Amino acid sequence: MTYHPKSDFIAIMMERGFLADCTDYQGLDEALASGTQSAYIGYDATAKSLHVGHLLNIMMLRWLQKTGHRPITLMGGGTTKVGDPSFRSDERPLLGPEQIDENIAGMQKVFANYLSYGDAPSDALMLNNAEWLDDLNYLEFLRDIGRHFSVNRMLSFESVKSRLDREQSLSFLEFNYMILQAYDFLEINRRYGCVLQMGGSDQWGNIINGIDLTRRVLDHEIYGLTSPLLTTSDGRKMGKSQGGAIWLNGDMLSPYEFWQFWRNTTDADVGRFLKLYTELPVAECDRLGALQGSEINEGKIILANEVTTLLHGAEAAAAAEATAREVFEKGGVGDDLPTLTLSAEELGDGLSIVQIIVKSGLAKSGKEAKRLISENGARIDDAPLTDAGLMIDAAALASPIKLSAGKKRHALVQLASA
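Treat the numbers as computed from the prediction; the structure is a model and nothing was measured.

A. Expanded view of the overall build of the protein chain. What the protein chain contains, in helices and strands, is 18 helices and 15 strands. Relative to a compact globule of 418 residues, whose C-alpha radius of gyration would be 22 Å, the protein chain shows 24 Å and is just as compact. Taking the principal axes of its C-alpha atoms as reference, the protein chain extends roughly 75 × 50 × 40 Å. Across the 418 residues that make up the protein chain, the buried fraction comes to 49%. Nonlocal contacts in the protein chain, meaning residues at least 24 apart in sequence, comprise 72% of its contacts between residues at least 6 apart. As displayed, the protein chain offers around 19300 Å² of accessible surface, 50% of which is attributable to carbon and sulfur atoms. The positive charge centre, built from 40 side chains, and the negative charge centre, built from 56, are 4 Å apart in the protein chain.

The structure is reproduced here in structure tokens:
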């Protein structure tokens, strides 16, 4: 695309690779260039923490604020009760109000690290759509809002079509999600003058619905902008690892493990991820991404440090790098490694090394742990582990032991102090 933006925000989005699609580049760009505007992204409260998959859009909100605009983080206290069916093969499990509130409290911790909340024109707002969705009158809502939606059009959206094409059930409850999300945009525009909804490209249909509804009901000009759904260069969905989701809350994933996730980035992804997940100048991102051979590791360490600093702070990033150097370069133990602490009751007369590898999170099952050992991928205190029948008792844990799966994944095992 050869469009030359007037606004700093669109220029940064284009230059750094954040843009997948926009309903009206020129209209949005001119609105952003004319003064402070508000934009929102919605987050359903399906877990106690956001994960790496959310980080791209959080960085979009951060750049929005850095270029003088107001980001709105919308917590889905209402929509989570229904569940977004987009590109899912089954219905989401329904959560109760207490669980939703608990999840929202956990998710909100992350945003304060990226955004500045307050009362100034470009200070971020934290909203919860339960505020307007919980008290809707069903008959009034059907009459005033439902009449603006064409079922034929809703069935044509890719997120719905893909489910129906596979002959998988789509409940009426889930079908309503699209209408509720569209209504969110209408309400945020009416209450806060918000002109832009952003989201991943899987949200395109939902965003278009909100724009159409707001234009029909309020006759306001508003916009939608989506980011690409990221996959790594080897085809995996961004944020998924062998150990599960890469959580952003430090109590669900340690800063060291978070740092290590970025340090393990594939060579081909370094430059792209530096542009998306750090604030380093684009020229520097390109320089680091173009490094060859072992030199690319410099780029990976800078990526890990920059991303970890934004989320957990500079001290946590420095401590993670120090631990990694100790573990990898000196064969040491390191203070920040994931640690499995066994009580005397759990250990009993002893546990097999296979059980301990599973408990430590280095393998998902006994079968996987045995295969790791048989393929010479396991080490104990940096020495090859070849005996799957090895028993670990209290004497063996007189001092902590270090287990390794391959070159990059490690854990400490220790006995709880009496």
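B. Spatial organisation of unusual backbone geometry. Residue D219 is not a glycine yet carries a positive backbone phi of 60 degrees. Checked against the element boundaries, D219 lands in the loop between helix 10 (204–218) and strand 6 (223–227). Positive phi is not limited to glycine here, since N376 has a value of about 60 degrees. Inspection of the secondary structure assignment puts N376 in the loop between helix 18 (366–374) and strand 11 (378–380). Judged by relative accessible area, which is 63%, N376 ranks as exposed.

C. Structural context of the packing of aromatic side chains. As enumerated under the stated definition, the model contains 8 aromatic pairs in all. Ring centres 6.1 Å apart and planes at 80 degrees place the aromatic pair W262 and F273 in the edge-to-face group. Of the two residues, W262 is situated in helix 11 (residues 255–263) and F273 in helix 12 (residues 270–277); the sequence distance between them amounts to 11 residues. On the basis of relative accessibility, which here comes to 0%, the residue W262 falls in the buried class. Connected via pairs of aromatic rings, a cluster forms that spans F258, F261, W262, F273 and Y277. Over the aromatic face of W63 sits the side chain of K66, whose NZ or CZ is 5.8 Å from the ring centroid.

D. View of the environment of S169. Considering the arrangement of structural elements, one finds S169 in the loop between helix 8 (158–165) and helix 9 (172–192). Residues S169 and R263, spaced 94 residues apart in sequence, show a C-alpha to C-alpha distance of 41 Å. Once residues lying within four places of it in the same chain are set aside, the contact partners of S169 are R163 and E174.

E. How the structure looks around the environment of N305. With respect to the secondary-structure elements, N305 resides in helix 14 (residues 296–312). Residue class for N305 comes out buried when judged on its relative accessible area of 17%. Residues N305 and A316 lie 11 residues apart in sequence; the distance between their C-alpha atoms is 8.9 Å. Those residues in contact with N305, other than ones at most four positions away along the chain, are W259, A317 and E321.

F. Spatial organisation of the sheet that holds strand 6. Within the open sheet, the 6 strands sit side by side as 1-6-5-2-3-4. Their pairing is mixed. If you trace the sheet from one side to the other, it starts and ends with strand 1 (21–22) and strand 4 (125–128), each paired once. Helix 4 (residues 97–114) contacts strand 2 (38–44), strand 3 (70–76) and strand 4 of the sheet and is inclined by roughly 160 degrees relative to strand 3.

G. Inspection of the side chain of E321 at higher detail. Position of E321 relative to the elements: it lies in helix 15 (residues 314–329). Look at E321 and you get buried, because its relative accessible area is 17%. Sequence-distant contacts of E321, defined by excluding residues within four places in its chain, comprise W259, I301 and N305.

H. Up close: the sheet that holds strand 9 (residues 339–342). The sheet built from 5 strands is open, its strands ordered 9-15-14-11-12 with mixed pairing. A single partner strand is all that each edge strand has here, and the edge strands are strand 9 and strand 12 (383–384). Two elements, strand 9 and strand 15 (residues 409–415), share 4 bridges in a ladder whose sense is parallel. The residue of strand 15 that forms the bridge with T339 is L412.

I. Seen up close, the nonpolar core. Counting residues in hydrophobic clusters, the biggest one holds 70 residues, and the most contacted among them are F258, W262 and Y277. Among the elements that line this core, the one with the most residues is helix 3 (residues 52–66), at 9 residues. When neighbours within four sequence positions are excluded, W262 is seen to be in contact with V52, L55, M238, F273, Y277, K300, L303, A304 and V307. Counting 29 residues, the second-largest nonpolar core is a separate cluster that includes V82, M154, I179 and L180.

J. The arrangement of helix 12 in detail. Among the 8 residues of helix 12, 7 are classified as buried, and the element is accordingly described as predominantly covered. By the burial criterion, the buried members of helix 12 are V270, G271, F273, L274, K275, L276 and Y277. In the core, the buried residues of helix 12 are packed alongside helix 1 (8–16), helix 3, helix 11, helix 13 (282–289) and helix 14.

K. The confidence of the model for the protein chain, seen in detail. For the protein chain, the mean per-residue pLDDT works out to 88, and 93% of the residues sit at or above 70. For the protein chain, per-element mean pLDDT is lowest for strand 7 (residues 240–241), which scores 54, and highest for strand 6, which scores 98.

L. Layout of helix 2 (residues 25–34). Taken residue by residue, helix 2 has Y25, G27, L28, D29, A31 and L32 as its buried positions. For helix 2, the secondary structure elements touched by its buried residues are helix 1, strand 1, strand 5 (196–200) and strand 6.

Conventions used here
Residues numbered from 1 in each chain as written. Predicted model: local features only at pLDDT ≥ 70, side-chain atom pairs only at ≥ 80, totals over all residues. Heavy atoms only, no water. Helix = DSSP H or I, 4+ residues; strand = E, 2+ residues; numbered from the N terminus. Rg over C-alpha atoms; globule rule 2.2 N^0.38 Å. Buried < 20%, exposed > 50% of the residue type's maximum accessible area, 1.4 Å probe, protein only. Contact = heavy atoms within 4.5 Å. Areas by Shrake-Rupley, 256 points an atom, 1.4 Å probe, with all protein chains shown as cover. Lys, Arg positive; Asp, Glu negative; His and termini not counted. Charge placed at Lys NZ, Arg CZ, Asp CG, Glu CD. Phe/Tyr/Trp six-rings, centres within 6.5 Å; stacked < 30°, edge-to-face > 60°. Lys NZ or Arg CZ within 6 Å of the ring centre and 35° of its normal. Pairing = 2+ DSSP bridges. Axes fitted to C-alpha atoms, helices over the stretch in contact; angles between N-to-C directions. Core = buried A, V, L, I, M, F, W, Y, C linked by side-chain atoms within 4.5 Å. pLDDT = per-residue confidence, 0-100.

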